[in-house]
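Descriptive analysis of the structure
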Amino acid sequence: MTVDTPQYDRSKLTAGIVHIGLGNFHRAHQAVYLDDLFALGEGHDWALVGAGVREGDARMRDALKAQDCLSTVIELDPSGRRARRVGAMIDFIPVQADNGALIAAMTDPAIRIVSLTVTEGGYFVDPATGQFDPTAPDIVADGKNPTRPITAFGAILAALVARRAAGVQPFTIMSCDNLPGNGHVTQAAVAGLARLSDPALADWVLANVAFPNGMV
């Protein structure tokens, strides 16, 4: 079996998306779509930068950095197997307890989308009500310490605050997880967390930040 390689100059790519949660699903879907786009000679300023907030994300970073952030995807169909090396990711942000490097990366005006695959359980939804749970321990912690967040949503909020202070447009926040109304769910998590420490910030998020709905 041969392996197809990127049909574009990866050295010319620049970042446009920070993606939080670099599992197999993301690397075989969003990353592949961008790889296809880049092969057409388009969108070379939309490359991916990987990110994560969990211990496992640090291990994934080590593995991907060791292979220049390349992944191999094998496609199966009745005619056989096809392998391709996907080059849409150009870096992986260091995984830190206070998420300082992640916040700094998302503050960069070049980043126009922050996307997520953090699993259905990563949105702090109360299973009894189906609504955002502001009493979840990690959410409570970020509400008390918004400048040193431990969750992805806390890091996103800190970056939005920094961009607003610098007069930079907010990025779009795009959930890629398989949740009905995943944009609404993500909006509830980000705005709900903001409301714990700064209700005016929550209102600003609702008025200014885009949260598109889209599920596979």
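The written sequence of each chain sets the order in which its residues are numbered from 1. Only residues with pLDDT of at least 70 are given local features in this predicted model, and only at 80 or more are side-chain atom pairs given and counted; all residues enter the totals for whole chains, interfaces and linings. Neither water nor hydrogens contribute to the side-chain values; these are computed over all heavy atoms in the structure.

Counting from the N terminus, the helices are the DSSP runs of H or I reaching at least four residues and the strands are the DSSP runs of E reaching at least two. Along the backbone of the chain there are 8 helices and 8 strands. Computation of the radius of gyration draws on C-alpha atoms alone. For the globule rule, the value is 2.2 Å times the number of residues to the power 0.38. Taken over C-alpha atoms, the radius of gyration comes to 18 Å for the chain, in line with the 17 Å a tight globule of 216 residues would show. By its C-alpha atoms, the chain is 55 × 40 × 30 Å across when sized along the principal axes. Across the 216 residues of the chain, 44% fall into the buried class. When charges are tallied, Lys and Arg are placed among the positive residues and Asp and Glu among the negative ones, while His and the ends of the chain are skipped. Just so you know, the charge point we use is NZ for Lys, CZ for Arg, CG for Asp and CD for Glu. Across the chain, the 17 positively charged side chains and the 23 negatively charged ones have centroids separated by 4 Å. Categorising residues by exposure relies on relative accessible area from a 1.4 Å probe, with only protein chains included: less than 20% of the type maximum marks a residue as buried, more than 50% marks it as exposed, and the intermediate range marks it as partly exposed.

The pairing criterion is simple: DSSP has to find at least two bridges between the two strands. The mixed open sheet is built from 3 strands, whose spatial order is β1-β5-β4. Each edge of the open sheet is held by one strand with a lone partner, namely β1 (3-4) and β4 (71-77). When β4 meets strand β5 (residues 80-86), the two strands line up antiparallel, connected through 7 bridges. What sits directly across from Ile74, in β5, is Ala83. We call two residues in contact whenever any of their non-hydrogen atoms come within 4.5 Å of each other. Note on definitions: angles span 0 to 180 degrees between N-to-C directions of axes, and those axes are lines fitted to C-alpha atoms, for helices only across the stretch in contact. Of the strands in this sheet, β4 and β5 touch helix α2 (residues 30-39), which is tilted by about 80° from β5.

Another point: unusual backbone geometry. At Cys69, a position not held by glycine, the phi torsion is positive, near 60°. Summarising the element assignment, Cys69 is placed in the loop between α3 (55-65) and β4. The phi dihedral of Asn99 is positive, around 60°, even though this residue is not glycine. Its location among the elements puts Asn99 in the loop between β6 (89-92) and α4 (100-107). Its relative accessible area of 2% is what places Asn99 among the buried residues.

Once that is clear, we can look at the nonpolar core. One recurring pattern in soluble globular proteins is that nonpolar side chains are buried together. For our purposes a nonpolar core is just a set of buried Ala, Val, Leu, Ile, Met, Phe, Trp, Tyr and Cys residues, chained together by side-chain atoms within 4.5 Å. Within the largest apolar cluster, 41 residues are counted, with the highest numbers of intra-cluster contacts made by Val18, Ile20, Ile156 and Val205. Mapped by element, the contributors of at least two residues to this core are β2 (15-20), β3 (47-51), α4, β7 (113-116), α6 (152-166), α7 (182-197) and α8 (199-208). By residue number, the principal contributor to this core is α6, which donates 8 residues. By size, the runner-up hydrophobic cluster in this structure holds 18 residues, among which are Val32, Leu34, Val86 and Phe92.

Quick look at the pairing of β2 now. A large share of β2 lies buried, amounting to 5 of its 6 residues. Across 5 bridges, β2 lies against β3 in parallel orientation. Bridge pairing in β3 places Ala15 opposite Ala47. Bridge analysis of β2 against β7 gives 4 bridges, and the strand direction is parallel. Along β7, the bridge assignment pairs His19 with Ser115.

Here α7 contains 16 residues, and its C-alpha end-to-end distance of 24 Å stays within 8% of the 22 Å for a straight helix at 1.5 Å per residue. Taken together, the buried positions of α7 are Asn182, Gly183, Thr186, Ala189, Val190, Ala191, Gly192, Leu193 and Ala194. Looking at the buried side of α7, the elements it contacts are β7, α5 (137-144), α6, β8 (172-175) and α8. By this rule the span expected of a helix is its residue count minus one, scaled by 1.5 Å.

Bringing α4 into the picture now. Buried within α4 we find Ala101, Leu102, Ile103, Ala105 and Met106. Where α4 is buried, its residues meet β2, β3, β7 and α6.

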